[in-house]
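# Chains, contacts and geometry: an overview
What follows is the residue order along each chain.
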Amino acid sequence: YSCSEDHHILRWNLLTNETNLVVKLQEDLFPIDLHWLPKTVGGKKQAQAEIFVLTSTDGKFHLVSRVGRIEKTVDAHKGAVLAGRWNYDGTALITAGEDGQIKIWSKSGMLRSTLAQQGSPVYSVAWGPDSDRILYTSGRQLIIKPLQPSSKVLQWKAHDGIIVKVDWNPVNDLILSAGEDCKYKVWDSYGRLLYTSSSHDYPVTSISWSPDGEVFAVGSFNTLRLCDKTGWSYALEKPNTGSVFSLAWSADGTQLAGACGNGHVIFAHVVEQRWEWRSFEITLTKRRTMQVRNVVNDAVDILEFRDRVIKASLAHGHLVVTTSLQCYVYSAKNWNTPLIFDLKEGTVSLIVQAEKHFLLVDGAGLYVFSYEGRLISTPRFPGMRTDILNTQSVSLSNDSIAIRDKSDEKVIFLFDALTGKALGDGKPLTHKMEVVEIALDQCGPSSERKIAVIDKNRDLYLTSLRRLNKEHNVCKIGTMVHTMAWNDSANILCGIQDTQFTVWHYPSAVFTDKDLLPKTIYMKDASEFSRAPHILNYVGTKVTVRRGDGSLVYSSVSPYSTLLHEYSASSRWEDALRLCRFAKDLSLWACLAGMAMSNRELTTAEVAYAAIGEVDKVQYINSIKELPSKESSLAHILMFSGHVQEAEATLLQAGLIYQAIQIHINLYNWDRALELAVKHKTHVDTVLAYRQKFLLDFGKKETNKRFLQYDEGVEVDWEKIQAKVEMELAKEREKAATASVKNSVAFRH
């Protein structure tokens, strides 16, 4: 729909290219702004969504039906009403006037409140992603004002000329501004500048985000520009249109309409998007045509579609394309016979791929499909808003799905990809800070699935998804991390950390031996990636990075760590040792030490720790190997990784009470050692004896009340204690021998 100073409202049908007059307005009504009530809210279609707001120069706004009937006219401002915008759920309307006032109205046009008053006209206004804040212009300033009366207002100088247009995207939470200083700028929601354009020849008169927040359009005199969300420009058109005063996107983000100063309405289609994976390069050449090129042998395939292409994704050997009605799944081995199935909703806003299946997100929900086109699951959670999910807030692996909550950004919902049900006890993972980006690792068994999280402070954390009835053990593995990606064929993580390009060859080392982690990391200077780089993917040994100016840069990573992961997964420890000896790389030895310890492969771990000069750990591993029973060995391996409680539980379960007490004595956890001894009515004298020896060595006196209490009633005899300890160890040896005899008999049978 378009409105103009000729008092006409026109309807343009883009499928049939027909244009109809909807209504001729009265002669004294000069329209300025037009905005449709949102059609869908949280995936559900609205009943009375067929109205739009029309603002005019006489200080009124009008609620107009689809057929052009004016349902209601409201006196709103003195002077022109320069902007009118519905919020995202269609429950409130905001108007901004030449009189410097901003007012909020109900859906039926009743005044709720006057949000702001200022001395200069408000040229443009936008709702925040959750409809709880307003962004508006005040001369050269931008102001974000929360609807809560007592909340803090954010205000900053944004341009050197009057700001004429703003837009705020709900998916990426970024703000656009355009001004008479002939520049457009990109800001985050805290008012930090992310991008500023060079000066144009004329003032920038319009600016608008595409619905998915991946691109935006900029309009100026005889100029239409398409830009990436980080600011750099994809395309520049010079149509003969005069100034482009307003821009609007179609719901699927493929088409764009502009209102032009010379009375024309301009229509544009987004084409020439590119996707790359290994040796394949795919380009959307026309609205319904793709070209596939294999750069190895220069083979070219043309893919034709019935309807216009809306979204596409290429990864893991498959191309997934969604059109307005169907989904096409191609295998990279055969481009001639796609698998096709119909879509319910139509407007797919996001495709995420894993090795075995892919996730589609549309206005109504999330759907996991196999590459054979079978619907596997439809995960749901309370308050789900699918329209604002993006690649940073959704991650998929072969067995799990992670989704960051929008209403509380500290919360990450975890689902089983095969059933769609919440993982474990159903509780989400809650981080201590707001989460900016999440990513699941792609390889290995589901029981060892890990999730990497970047929070608002730009700290990188790693945690395991499946923790049976235990708290999530969240470990920090990096700081100032701007972007990250997991490898597609091994659990190796890469990221850009401050000014360093960093590869965590074995991030899980943090769970087996924290001291190993720094030794498994590879770093190099990231200055070649310039300002604000973004990692697109990490496939094989190649990392693809998009620089701040839009150019692609590739970086290579050593293939040895991928091989090592492969050997570890298939328990080929001899091959792993051979590889490390061949590569002579300390970080590879450190990775092997961590892998061997987590798989309880002590012989390999001993060699690897020796190679990196960790003598104390080699000695500890030797002492573990000499322990008589399996339970003791397991407990000390857990101790090695710092899991004291699990080690204690393992020993108590096996009935090795003395050994459980001994580990606490060795760690100087005196209170817990005494507690266990008293609880199991054994070895109280042993604990007291070791405590006395400890105090004697340090020349201290007993101050602990519990120990003073037991000191009175128990006498310490070192010879007796030594005899008791020998007996306990003999018992354990005997038990272990009996168990091994039983096992060999069972094996013979």
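Now for a look at the structure at hand. Everything numeric here is computed off the predicted structure, so don't read it as measured data. (Residues numbered from 1 in each chain as written. Predicted model: local features only at pLDDT ≥ 70, side-chain atom pairs only at ≥ 80, totals over all residues. Heavy atoms only, no water.)

On to the overall build of the protein. Across its full length, the protein holds 13 helices and 55 strands. Seen along its three principal axes, the alpha-carbon backbone of the protein occupies a region of about 110 × 65 × 50 Å. The 749 residues of the protein split such that 52% are buried. Across the protein, the fraction of contacts at a sequence separation of at least 24, relative to all contacts at a separation of at least 6, is 40%. If you sum the accessible surface of the protein, you get close to 35,400 Å²; carbon and sulfur atoms cover 51% of it. In the protein, the 86 positive side-chain charges and the 86 negative ones have mean positions that sit 2 Å from each other. (Helix = DSSP H or I, 4+ residues; strand = E, 2+ residues; numbered from the N terminus. Buried < 20%, exposed > 50% of the residue type's maximum accessible area, 1.4 Å probe, protein only. Contact = heavy atoms within 4.5 Å. Areas by Shrake-Rupley, 256 points an atom, 1.4 Å probe, with all protein chains shown as cover. Lys, Arg positive; Asp, Glu negative; His and termini not counted. Charge placed at Lys NZ, Arg CZ, Asp CG, Glu CD.)

A packed helix pair is summarised by two numbers, namely the angle formed by the two axes and the spacing between the axes. At a closest axis distance of 11 Å, the pairing of helix α9 (residues 657–666) and helix α11 (residues 684–698) adopts a crossing angle of 15°. In terms of their interaxial angle, α9 and α11 are classed as roughly parallel. Both α9 and α11 take part in a crossing whose hand is right-handed. Two secondary-structure elements touch here, α9 through Tyr-658, Ile-661, Gln-662 and Ile-665 and α11 through Thr-686, Val-687 and Tyr-690. Residues belonging to the contact of α9 with α11 are distributed by class as follows: 5 nonpolar, 2 polar and no charged. (Axes fitted to C-alpha atoms, helices over the stretch in contact; angles between N-to-C directions. Parallel < 35°, antiparallel > 145°, perpendicular 65-115°, else oblique. Left-handed = near helix turned anticlockwise from the far one by under 90°. Nonpolar A, V, L, I, M, F, W, Y, C, P; charged D, E, K, R; others polar.)

Each α-helix winds once per 3.6 residues, and so residues spaced three or four apart point in a common direction. In this model, helix α4 (residues 586–598) (13 residues) spans 19 Å end to end at C-alpha, consistent with the 18 Å of a helix rising 1.5 Å per residue. The buried count for α4 comes to 11 of 13 residues, which makes it a mostly enclosed element. Looking at α4, one finds that the buried residues are Ser-587, Leu-588, Trp-589, Ala-590, Cys-591, Leu-592, Ala-593, Gly-594, Met-595, Ala-596 and Met-597. Contacts from the buried residues of α4 go to α1 (509–512), α2 (560–569), α3 (573–583), α5 (602–611), α6 (615–625) and α7 (630–640). (Expected span 1.5 Å × (residues − 1).)

Mapped onto the fold, His-357 is located in strand β38 (residues 357–362). Among the polar contacts listed, one links the side chain of His-357 to the backbone oxygen of Ser-397, at a separation of 3.2 Å. Not counting chain neighbours up to four residues away, the residues in contact with His-357 comprise Val-368, Phe-369, Ser-370, Tyr-371, Ile-376, Leu-396, Ser-397, Asn-398, Asp-399, Ala-417 and Leu-418. (Polar contact = N/O pair within 3.5 Å; in protein donor to acceptor, adjacent residues only side chain to side chain.)

Next up on the list: the sheet that holds strand β39 (residues 366–370). In spatial order, the strands read β37-β38-β39-β40; together these 4 strands make up an open sheet with antiparallel pairing. Of all the strands in the sheet, just β37 (348–353) and β40 (375–377) have a single pairing partner and so form its edges. Adjacent strand axes in the sheet meet at a mean angle of 35°, parallel and antiparallel pairs treated alike. As paired strands, β38 and β39 are joined by 5 bridges and run antiparallel to one another. Within β39, the position partnered with His-357 by the bridge is Ser-370. (Pairing = 2+ DSSP bridges.)

On to the packing of aromatic side chains, then. Evaluation of the coordinates by the stated rule reveals 28 aromatic pairs. A centroid spacing of 4.4 Å and a plane angle of 20° characterise the contact between Phe-381 and Phe-413, whose relative ring orientation is stacked. In this pair, Phe-381 is assigned in the loop between β40 and β41 (394–396) and Phe-413 in strand β43 (residues 411–416), connecting sequence segments 32 residues apart. Taking relative accessible area as the criterion, Phe-381 reaches 10% and is therefore assigned buried. Between Arg-691 and the ring centre of Phe-707, over which it is positioned, the NZ or CZ distance is 4.7 Å. (Phe/Tyr/Trp six-rings, centres within 6.5 Å; stacked < 30°, edge-to-face > 60°. Lys NZ or Arg CZ within 6 Å of the ring centre and 35° of its normal.)

Turning next to the layout of surface pockets. Considering only enclosed or pocket space, the second largest pocket measures out at about 1,400 Å³ in volume. Lining the second largest pocket are 39 residues, and of these Ser-447, Glu-448, Lys-450, Tyr-506 and Ser-598 lie nearest its centre. Sorting the residues of the lining of the second largest pocket by element identifies β47 (460–464), α1, α2, α4, α7 and α8 (644–653) as the ones contributing at least two each. (1 Å grid on protein atoms, 1.4 Å probe; cavity = no way out; pocket = protein on both sides within 12 Å on 5 of 7 lines; lining within 4 Å. Points joined across faces, edges and corners; volume = space filled by probe spheres on them.)

Attention now goes to empty space enclosed by the protein. Applying the stated criterion across every chain yields a total of 3 cavities of 30 Å³ or more. In this structure, the largest cavity encloses a volume near 40 Å³. Taken together, Ile-412, Leu-429, His-431, Val-453, Tyr-461, Thr-463 and Val-474 make up the lining of the largest cavity. Of the residues contributing to the lining of the largest cavity, the split by class is 5 nonpolar, 2 polar and no charged.

Among the nonpolar cores identified, the biggest contains 45 residues, and Leu-460, Ile-477, Leu-493, Leu-564, Leu-592, Met-597 and Tyr-609 are the most heavily contacted of them. The leading source of residues in this core is α4, at 9 residues. Apart from residues no more than four positions distant in its own chain, Ile-477 is found in contact with Leu-460, Tyr-461, Leu-462, Leu-493, Trp-504, Pro-507, Val-510 and Leu-517. Within the second largest apolar cluster, 21 residues are counted, among which are Ala-647, Ala-660, Ala-673 and Leu-676. (Core = buried A, V, L, I, M, F, W, Y, C linked by side-chain atoms within 4.5 Å.)

As a further point, take the pairing of strand β20 (residues 184–188). Most of β20 is tucked away: 5 of the 5 residues are buried. Alternating positions in β20 separate into two faces, Tyr-184, Val-186 and Asp-188 on one and Lys-185 and Trp-187 on the other, with burial throughout. Examined bridge by bridge, strand β19 (residues 174–179) and β20 share 5 bridges and lie antiparallel to one another. Across the sheet, Leu-176 pairs through a bridge with Val-186, a residue of β20.

A contiguous nonpolar surface patch, about 240 Å² in accessible area, is contributed by Leu-536, Leu-552 and Tyr-554. On the secondary structure map, Leu-552 appears in strand β55 (residues 552–556). (Patch = residues over 30% accessible without salt bridge, like charges linked within 9 Å, V, L, I, M, F, W, Y side chains within 5 Å. Salt bridge = Lys/Arg side-chain N within 4 Å of Asp/Glu carboxyl O.)

Overall, the coordinates contain 36 salt bridges when judged by the stated rule. Here Glu-71 makes a salt bridge to Arg-69, at a shortest N to O gap of 2.9 Å. Where Arg-306 meets Asp-307, a salt bridge forms, and the shortest distance between an N and an O atom there is 3.4 Å. The exposure class assigned to Arg-306 is exposed, which follows from its relative accessible area of 51%. Taking relative accessible area as the criterion, Asp-307 reaches 14% and is therefore assigned buried. Within the structure, one salt-bridge network assembled from shared partners comprises Asp-513, Asp-515, Lys-519, Glu-614 and Lys-617.

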